[in-house]
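Descriptive structure summary
Okay, here's what each chain looks like letter by letter:
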Amino acid sequence: PKEKGWMGSYIYNYQGFWASPRTIQGVIACQQQFQAQDSDIILVTPPKSGTTWLKSLLFVLVNRMKYPAFEQNHPLLVKNPHDLIPFLEIRLYVDGLVPNFASFTSPRLLSTHMPFASLPKSVQDSKTKCVYLCRNPKDTFISMWHFTNNLRLHHIDIHSIEEIFESFCKGVSPYGPFWNHILDYWKQSIEKPNKVLFLMYEEIKVQPKLQLKRLAEFLECPFSIEEENCGVMDEILRMCSFENLSKLEVNANGKLSTGAENKMFFRKGEVGDWKNYFTIEMSEKLNHIIEQKFQESEIKNTPYI
Ligand code: A3P
């Protein structure tokens, strides 16, 4: 099946999720070629859920012995987080630019937007850890709307917010249906708590230290008492904050190796921006859909969804 996608061109349903032919090719290449290692850490998100933020936190957390936060030669001060933690499926496809994953030092930090069922088999079968991050559907939708608007500047065929909203509600969005993506990882996080950690953007905003601690414990690199007393967590959070990252020269004016402008990944970084765009009808319609889709799952009890 095919549908008109957010970028104006057609997107296709592959293994139950929607994506462009280019992305599907990347996913297939990844499924065929990627060999997971037990020590791998894979960050998984639906697009526009705060991937850039969590990539920063992960990188600084895992490498904190080698590069203390804010140290002058810290890679995060000169590189965009997407250049530090590559997407598996996106980078694999870009014109033969397959990074040599085997040469990455352990633990390899990687990321993907793939639904759980489409992850390469070796990721599912190994001890590879998946850190999952999602975000309130309305804010994710608005963030995606802005992001694709920016990308679409070079395209002629522009969709209205109403049209895009209708397709989102039908489940047609990049790597969607949005709710299936979330439900599948939620289920895995309950069944295999050592394999999948389920995080929410809003939870990190409200309780940053607690969530960072959870992340460190899940990754088996917990903070020592000494680190806690010396304010290491505060430093990591400050370094990865929207305010700090968006001001860095590399993020304000630089480009990714794929050509995208780094500033596109830093828009507002707030909770609840959807209220500036949604009508009451749109809000009620999405509430109803989410309620229906999540009614069978304990996820309905989590705040922010
Ligand atoms: P908004 O469009 O709502 O501002 P992704 O990284 O998955 O593409 O998600 C992008 C969203 O995360 C954008 O949301 C962006 O502003 C926000 N973001 C990026 N860096 C952030 C940070 N350090 N802290 C909080 N939010 C951040």
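Conventions and cut-offs
Counting of residues starts from 1 at the beginning of each chain's written sequence and follows it residue by residue. In view of the model being predicted, local features appear only for residues whose pLDDT reaches at least 70, and side-chain atom pairs are presented and counted only at 80 or more, with totals across whole chains, interfaces and linings using the full set of residues. Following DSSP output, two strands are said to pair if at least two bridges run between them. Starting at the N terminus, helices and strands are each numbered in turn, a helix being any DSSP run of H or I of at least four residues and a strand any DSSP run of E of at least two. Each axis is a line fitted through C-alpha atoms, and for a helix only the stretch in contact is used; angles between axes span 0 to 180 degrees, taken between their N-to-C directions. What makes a residue near a molecule or strand is its C-beta atom, placed from the backbone, lying within 6 Å of it. Gly counts as polar in this scheme, as do all residues outside two lists: the nonpolar Ala, Val, Leu, Ile, Met, Phe, Trp, Tyr, Cys and Pro, and the charged Asp, Glu, Lys and Arg. Burial in this document is a count-based property: other C-beta atoms within 10 Å of a residue's C-beta are tallied, and the residue is buried at 20 or more, exposed at 12 or fewer, or partly exposed in between, with C-beta positions derived from the backbone. This arc is taken over the directions from the axis of the helix to the C-beta atoms. These descriptions rest on fixed angle ranges, namely under 35 degrees for roughly parallel, over 145 for roughly antiparallel, 65 to 115 for roughly perpendicular, and the rest for oblique. We call two residues in contact when their backbone-placed C-beta atoms lie within 7 Å.

Per an unreviewed UniProt entry, the protein chain carries the name Sulfotransferase domain-containing protein and comes from Solanum commersonii.

1. Quick word on the sheet that holds strand β5 (residues 109-112)
Here we have four strands laid out as an open sheet, ordered β5-β4-β6-β7, and parallel in their pairing. Among the strands making up the open sheet, the edge pair consists of β5 and β7 (196-200). Recorded for the sheet is a direction-independent mean angle of 20 degrees between the axes of neighbouring strands. Where strand β4 (residues 41-44) lies against β5, four bridges are found, and the strand directions are parallel. Its bridge partner being in β5, Ile-41 is matched across the sheet by Leu-109.

2. A short note on the site of the ligand
Around the ligand there are 21 residues in total, and Thr-51, Thr-52, Ser-143, Arg-267 and Gly-269 lie nearest to it. Counting only elements with at least two residues in the shell around the ligand, the list comes to α2 (51-62), α7 (137-152) and α14 (242-247). Looking at the shell around the ligand, its residues break down into seven nonpolar, nine polar and five charged.

3. Quick word on the pairing of β4
Across the two faces of β4 the burial is the same, with Ile-41 and Leu-43 and Ile-42 and Val-44 all buried. As paired elements, β4 and strand β6 (residues 129-134) share four bridges and run parallel to each other. Bridging across to β6, Leu-43 finds its partner in Val-131.

4. Points about the environment of Phe-168
With respect to the element layout, Phe-168 can be found in helix α8 (residues 161-169). What makes Phe-168 buried here is the crowd of 24 C-beta atoms within 10 Å. A sequence separation of 118 residues divides Phe-168 from Leu-286, and the C-alpha atoms of the two residues are 9.3 Å apart.

5. Overview of α8
Those residues of α8 lying buried are Ile-164, Phe-165 and Phe-168. In an axial view of α8, the angular spread of the buried residues amounts to 100 degrees, which keeps them on one side of the axis. More than 90 degrees from the buried face of α8, the exposed residues found are Glu-162 and Glu-163.

6. Concerning the packing of helix α11 (residues 208-218) against helix α13 (residues 232-239)
For any two helices packed against each other, one specifies the inter-axial angle together with the distance between the axes. Where α11 meets α13, the closest approach of the two axes is 10 Å, and the angle between their N-to-C directions is 100 degrees. In terms of their interaxial angle, α11 and α13 are classed as roughly perpendicular. Of the residues in α13, those in contact with Pro-208, Lys-209 and Leu-212 of α11 are Met-233, Ile-236 and Leu-237. Of the residues contributing to the contact of α11 with α13, the split by class is five nonpolar, no polar and one charged.

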